[in-house]
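# A closer look at the structure
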Amino acid sequence: MPSYDLVIIGTGPGGYVCAIRAAQLGLKVAVVEKQPTLGGTCLNIGCMPSKALLYASEMFEEAGHSFAKMGITVAAPKLDLPAMMAFKQQGIDGNTKGVEFLMKKNKIDVIHGKGKLLGAGKVEVAGADGKSQTVEAKNIVIATGSDVARLKGIEIDEKRIVSSTGALSLDKVPEKLIVVGAGVIGLELGSVWRRLGAQVTVVEFLDRILPGMDGEVVKQFQRILEKQGFVFKLGAKVTSIDSSAAKLKVQVEAAAGGNPEALEADVVLVAIGRVPYTSGLGLTEAGVALDERGRIKIDGHFASSVKGIYAIGDVVRGPMLAHKAEDEGVAVAEILAGKAGHVNYDVIPGVVYTTPEVSSVGKTEEELKEAGVAYTVGKFPFTANGRSKVNQTTDGFVKILADAKTDRVLGVHIVGREAGEMIHEAAVLMEFGGSAEDLARTCHAHPTRSEAVKEAALAVGKRAIHM
Ligand code: FAD
Ligand code: NAI
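Structural notes, computed from the coordinates. No experiment lies behind these values; they were computed from the predicted model shown.

A few words on the overall build of the chain. Looking only at helices and strands, the chain features 14 helices and 22 strands. What you see for the chain is a C-alpha radius of gyration of 24 Å, in line with the 23 Å of a compact globule of 467 residues. With the C-alpha coordinates of the chain rotated into their principal frame, the extents come out at 65 × 60 × 50 Å. Residues counted as buried form 51% of the 467 residues belonging to the chain. Excluding contacts between residues fewer than 6 apart, the proportion of contacts in the chain whose partners are at least 24 apart in sequence is 62%. Accessible surface for the chain amounts to roughly 21,700 Å². Of this, 53% is attributable to carbon and sulfur atoms. Positive and negative side-chain charges of the chain, numbering 54 and 55 respectively, have mean locations separated by a distance of 1 Å.

As structure tokens, this is what we get:
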């Protein structure tokens, strides 16, 4: 029976990064993956394909709506959807092959098949050919990720009623798209299909979009999306979908019940969150405890209730983000190699890759209020940023929240083009416990959009220059 220091179940960003770090530290490692390609949700049906379509659809929209004002005259762009999907697939293939290469480079064994725990120290792998093998492991890391959350009574067929997976591969642009859930997936994939020509209506249970993000930032973001053509039905829920006719009939009512309304759609995207994926892992038989939300329960060192079995990524508590899974993968590999692996959950950036983007790190204003922390706010709009003005992309602003007594930066929130790139100087600053003054006194290249971050830091001390 093959024997390893570490066997990892799942090769998403949590699993494959954990494998590489463990191999770097001298452990003998194998990964088990039930899909034919490596890279998990993120590389195959998540982060990467969605970003390819966001990029391509943004270029399509720019060519149709922004080129003329810059003096570039082109014929109205035509959509070749199969070619756009091929562009997406090339991106997926490039990345999944890259992970395969990294496995080889780091001498990590890849075992294809569905992994199941046979207690601590043993994993059974059932191959697609019906054959099973058992491998021995001093330690096991479960990195099986998450799956789509479903709406009761509504069956996802991935053709007309789709999850994010189907929404990444539609074979034509729906005339009317209804998105259930105004979270990250709904707004990103809603943006893709709106740019390509769909009328998009988003039905959201809560009375706001993007729950968990800073309320002021999100309010402005919602207005921008509405200007782009998004229609929001907030405080509402979908109760049923009739798919018997050519058009779907979607019954919507107030979240609290009442005010029923029937909407028509060609496609409905269900994007109401994701759930930990633990099916068929043999967790109960192995004695691995779950928490109240079905996630694998872990301690501060990623250890489950069974000695020698660890878990990371979407299958455990915390935000369901690829970079969080990666950092946990590195941390647990380091712990297993006798080092001090650690993840700082207070500084995990979040980005919504729409146009404009929304990014955030640290506490929101609502969270500080609730915790009774005294804070100061510095804000700076992109309308006052020189680079944004010349590019005529002035939507949005930067908001910095700092401790009122110590000036330590507690949260940074940005809505604006390239917000997803700009957030990282705030993340580094916060990792070092930096203050708004530190940020404000750091020289920023001119002309950049990042100068708005510096100006927002100056605004914390009421001394922004260009406002
Ligand atoms: P996963 O990536 O889900 O990987 C788990 C792997 O385990 C899979 O390959 C699965 O096949 C395998 N597996 C499961 N059970 C078994 C078993 N029993 N045996 C063998 N293999 C098994 N996050 C971001 O940070 N940025 C983004 O832009 C972003 N965009 C997203 C867009 C979409 C449409 C979706 C759906 C998600 C997006 N996410 C994004 C979230 C991100 O994909 C996840 O947070 C991330 O993939 C979690 O990584 P993971 O390693 O925990 O699990
Ligand atoms: P989400 O948790 O971001 O949003 C789900 C939304 O659906 C919420 O606003 C919620 O209030 C709403 N909702 C729940 N039940 C509902 C109902 N019955 N009717 C109407 N609305 C309802 O989940 P989403 O968008 O599905 O994404 C899943 C995960 O994937 C997220 O945790 C996210 O972190 C990750 N992801 C990250 C991305 C990024 O980092 N850019 C991109 C896409 C996904």
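The rest of the description comes next.
Taken in spatial order, the three strands of this open sheet run β12-β13-β14, and their pairing is antiparallel. Pairing within the sheet leaves two strands with one partner each, and these edge strands are β12 (236–242) and β14 (261–265). Direction aside, neighbouring strands of the sheet carry axes that sit 30° apart on average.

Moving on, we get to the packing of helix α1 (residues 13–24) against helix α9 (residues 322–336). One can describe the packing of α1 onto α9 by two numbers: an axis separation of 7 Å at closest approach and a directional angle of 30°. When the interaxial angle is binned, α1 and α9 end up roughly parallel. Of the two elements, α1 crosses α9, and the hand of that crossing is right-handed. Contacts between α1 and α9 pair P13, G14, V17, C18, R21 and A22 from the former with A322, A325, E326, G329, V330, V332, A333 and E334 from the latter. Across the contact of α1 with α9, the residue classes tally to nine nonpolar, two polar and three charged.

Moving on: the state of the cysteines. Should the sulfur atoms of two cysteines be covalently bonded, the bond is a disulfide. What the rule picks out here adds up to one disulfide. Linked covalently through their sulfurs, C42 and C47 form a disulfide whose S-S length is 2.5 Å. Between C42 and C47, the S-S torsion sits near -130°, and that sign places the bridge as left-handed. For C42, a relative accessible area of 10% translates into the label buried. Take C18: it sits in no disulfide, and the sulfur closest to it among the cysteines is that of C42, at 16 Å.

Bringing the pattern of salt bridges into the picture now. Scanning the model with the defined rule gives 21 salt bridges in all. One salt bridge connects E62 with R417, and the closest N-O pair in it is separated by 3.3 Å. With a gap of 355 residues between them, E62 in helix α3 (residues 47–65) and R417 in the loop between β22 (409–416) and α12 (419–431) connect regions that are remote in the sequence. Residue E62 is classed as buried on the basis of its relative accessible area, which comes to 18%. In this structure, K233 and E261 form a salt bridge, with 3.3 Å as the shortest nitrogen-oxygen distance. Taken as a pair, K233 in strand β11 (residues 231–233) and E261 in strand β14 lie far apart in primary sequence, 28 residues in all.

Scoring rules and cut-offs
Residues numbered from 1 in each chain as written. Chains lettered and ligands numbered in written order. Predicted model: local features only at pLDDT ≥ 70, side-chain atom pairs only at ≥ 80, totals over all residues. Heavy atoms only, no water. Helix = DSSP H or I, 4+ residues; strand = E, 2+ residues; numbered from the N terminus. Rg over C-alpha atoms; globule rule 2.2 N^0.38 Å. Buried < 20%, exposed > 50% of the residue type's maximum accessible area, 1.4 Å probe, protein only. Contact = heavy atoms within 4.5 Å. Areas by Shrake-Rupley, 256 points an atom, 1.4 Å probe, with all protein chains shown as cover. Lys, Arg positive; Asp, Glu negative; His and termini not counted. Charge placed at Lys NZ, Arg CZ, Asp CG, Glu CD. Pairing = 2+ DSSP bridges. Axes fitted to C-alpha atoms, helices over the stretch in contact; angles between N-to-C directions. Parallel < 35°, antiparallel > 145°, perpendicular 65-115°, else oblique. Left-handed = near helix turned anticlockwise from the far one by under 90°. Nonpolar A, V, L, I, M, F, W, Y, C, P; charged D, E, K, R; others polar. Disulfide = S-S within 2.5 Å. Salt bridge = Lys/Arg side-chain N within 4 Å of Asp/Glu carboxyl O.

These figures come from the coordinates and say nothing about function on their own.
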